Amino acid sequence: MLTSIQKGEAVMLESEQKQVIIDQLSWSYPFQQATKSRSKQSVTELKRQREVTDEYSDQQLIKKQASQSLLYNRPSFMQSKSISPAERGTAMHAVMQHIPLTEKVTKAEIEKKVEELVTKEILTEDLAKVINIEQIVAFFSSDIGQRLQNANNVYREIPFSYALEADTLYENGKDEPVLVQGVIDVLFEDEQGTVLLDYKTDTIQGRITAEKDELENILSDRYRVQIDLYTKAIEDIIHRPLQEKYLFFFDGGHLIKM
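Residues numbered from 1 in each chain as written. Predicted model: local features only at pLDDT ≥ 70, side-chain atom pairs only at ≥ 80, totals over all residues. Heavy atoms only, no water.

Enquirer: Tell me what's going on with the overall build of the chain, and back it up with residues and numbers.
Expert: Scanning the chain from terminus to terminus reveals eleven helices and six strands. Counting over 258 residues, the chain shows a buried share of 41%. Counting contacts in the chain only where the partners sit at least 6 residues apart, residues at least 24 apart contribute 67% of the total. Element-wise, carbon and sulfur atoms account for 50% of the exposed surface of the chain, whose accessible area totals about 15100 Å². (Helix = DSSP H or I, 4+ residues; strand = E, 2+ residues; numbered from the N terminus. Buried < 20%, exposed > 50% of the residue type's maximum accessible area, 1.4 Å probe, protein only. Contact = heavy atoms within 4.5 Å. Areas by Shrake-Rupley, 256 points an atom, 1.4 Å probe, with all protein chains shown as cover.)

Here is the structure:
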């Protein structure tokens, strides 16, 4: 064709390569959904994608383990600023992780433990001030708190990674694995079986005005995706079923069986 043009001869308007060029220019990647979904995902983010949350729900992409120092979550010039709901929740989890379960949990013991966590730089002094000690005492005075203290085996703040097929997590997902990460607050074993317990620091009083049954439905729906994913991961990892699953809300002392 180039020779014909140089000689000023007529050339065909279309070449035998027309369809090849059209195919190349109009090609689109067949797995577009995969470019919009992460191959590594946190349970918290999956929950946020599927459920309605409010400003008091945990909004961290990946929940930080409470054993890490909370002093460095913010720059030093911001540490005296107001504390976010997520930071308050992380601080409460840190205290719950470190409270000894072999002795009676009293207000004095919790205060002592909070001071110790500040000394060890696991909590800042500002975070220590927002720990609701009365709520923690109320938890350990409840039936589920007593079961936790008397359990044969207790595991707290358990990080896990678990591979799931993408189509179980995302709409139009493909048969590719997605690594799901999460941190389980408590898993304990007693004579009644293996129990999953998840603490929540959502503000309920004054925010959700509903009867007891309706309130429990609202709260359980908010965290159903998270608990379902935790359940599937735990049961596949330990190779046995969970007998009970609970949410415990510090605000109001609500215990919800899932």
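Enquirer: Lay out helix α6 (residues 107-119) with the relevant residues and their values.
Expert: Given 3.6 residues per turn, any residue in an α-helix points the same way as the ones three and four places further on. Taking 1.5 Å per residue, 13 residues should reach 18 Å; α6 reaches 19 Å between its end C-alpha atoms and fits that length. Inspection of α6 places I110, K113, V114 and L117 among the buried residues, and these make up the whole buried set. Seen along its axis, α6 keeps its buried residues to an arc of 100°; they face one direction. The exposed set on the far side of α6, more than 90 degrees from its buried face, consists of A108, K112, E115 and T119. The elements touched by buried residues of α6 are α5 (85-98), α7 (125-129) and α8 (133-141). Positive backbone phi, at 65°, marks E121, one or two positions downstream of α6. (Expected span 1.5 Å × (residues − 1). Arc of directions from axis to C-beta.)

Enquirer: Before we move on, could you go through the pairing of strand β4 (residues 193-200) and cite the residues and values that matter?
Expert: The buried count for β4 comes to eight of eight residues, which makes it a mostly enclosed element. Sheet topology places strand β3 (residues 177-190) next to β4; five bridges connect them, and they run antiparallel. Counted as the bridge partner of V186 is L197 from β4. Linking two consecutive strands that pair antiparallel, namely β3 and β4, is a turn of two residues. Bridging between β4 and strand β5 (residues 244-249) involves six bridges; their strand directions are parallel. Residue pairing in the sheet places Y199 in a bridge with F248 of β5. (Pairing = 2+ DSSP bridges.)

Enquirer: Can you tell me about empty space enclosed by the protein, naming the residues and giving the values?
Expert: This model, assessed by the stated rule, comprises three cavities of 30 Å³ or more. Along its surface, the second largest cavity is lined by I99, P100, E103, K104, V105, E109, I110 and K113. Counted by class, the lining of the second largest cavity contains four nonpolar, no polar and four charged residues. (1 Å grid on protein atoms, 1.4 Å probe; cavity = no way out; pocket = protein on both sides within 12 Å on 5 of 7 lines; lining within 4 Å. Points joined across faces, edges and corners; volume = space filled by probe spheres on them. Nonpolar A, V, L, I, M, F, W, Y, C, P; charged D, E, K, R; others polar.)

Enquirer: An account of the side chain of T231 is requested, with residue identities and associated values reported.
Expert: Among the structural elements, T231 can be located in helix α11 (residues 224-238). The class of T231 is buried, set by a relative accessible area of 9%. Setting aside its immediate chain neighbours within four residues, T231 contacts L196, L242 and K245.

Enquirer: Break down the pattern of salt bridges for me, with residues and values.
Expert: The tally for this structure, following the rule as stated, stands at nine salt bridges. When the shortest N-O distance is used, the salt bridge between E244 and R147 registers 3.0 Å. Highlighted residues: E244 in strand β5 and R147 in helix α9 (residues 143-150), separated in sequence by 97 residues. For the residue pair E244 and R147, the accessibility class agrees, reading buried in each case. Three or more residues are tied together by salt bridges with common partners; here these are K113, E116 and K120. (Salt bridge = Lys/Arg side-chain N within 4 Å of Asp/Glu carboxyl O.)

Enquirer: Tell me about unusual backbone geometry, residues and numbers included.
Expert: Among all residues save glycine, negative phi is the norm, and among peptide bonds the norm is trans. Positive phi, normally seen in glycine, also occurs at E157, with a value near 50°. The topology assignment puts E157 in strand β2 (residues 153-165).

Enquirer: Break down the confidence of the model for the chain for me, citing the residues and quoting the values.
Expert: Residues with a pLDDT of 70 or more make up 74% of the chain, whose mean pLDDT is 79. Summarising per-element confidence for the chain, the mean pLDDT is lowest in helix α4 (residues 43-50) (52) and highest in β5 (94). Long-range and interchain partners of residues 52-68, a stretch whose pLDDT sits below 50, account for 46 contacts in this model, where long-range means more than four residues apart. (pLDDT = per-residue confidence, 0-100.)

Enquirer: Can you lay out helix α10 (residues 212-222) for me, pointing to particular residues and giving the numbers?
Expert: Within the span of α10, buried status applies to L215, L219, S220 and R222. For α10, the angular spread of the buried residues around the axis is 155°, confining them to a single face.

Enquirer: Run through the packing of α5 against α6, naming residues and quoting values.
Expert: Two elements in contact, α5 and α6, have axes separated by 10 Å at closest approach and are oriented at 110°. Of the possible angle classes, the one that applies to α5 and α6 is roughly perpendicular. Pair α5 / α6 crosses with right-handed handedness. Residue-level contacts link A94, V95 and H98 of α5 to I110, K113, V114 and L117 of α6. (Axes fitted to C-alpha atoms, helices over the stretch in contact; angles between N-to-C directions. Parallel < 35°, antiparallel > 145°, perpendicular 65-115°, else oblique. Left-handed = near helix turned anticlockwise from the far one by under 90°.)

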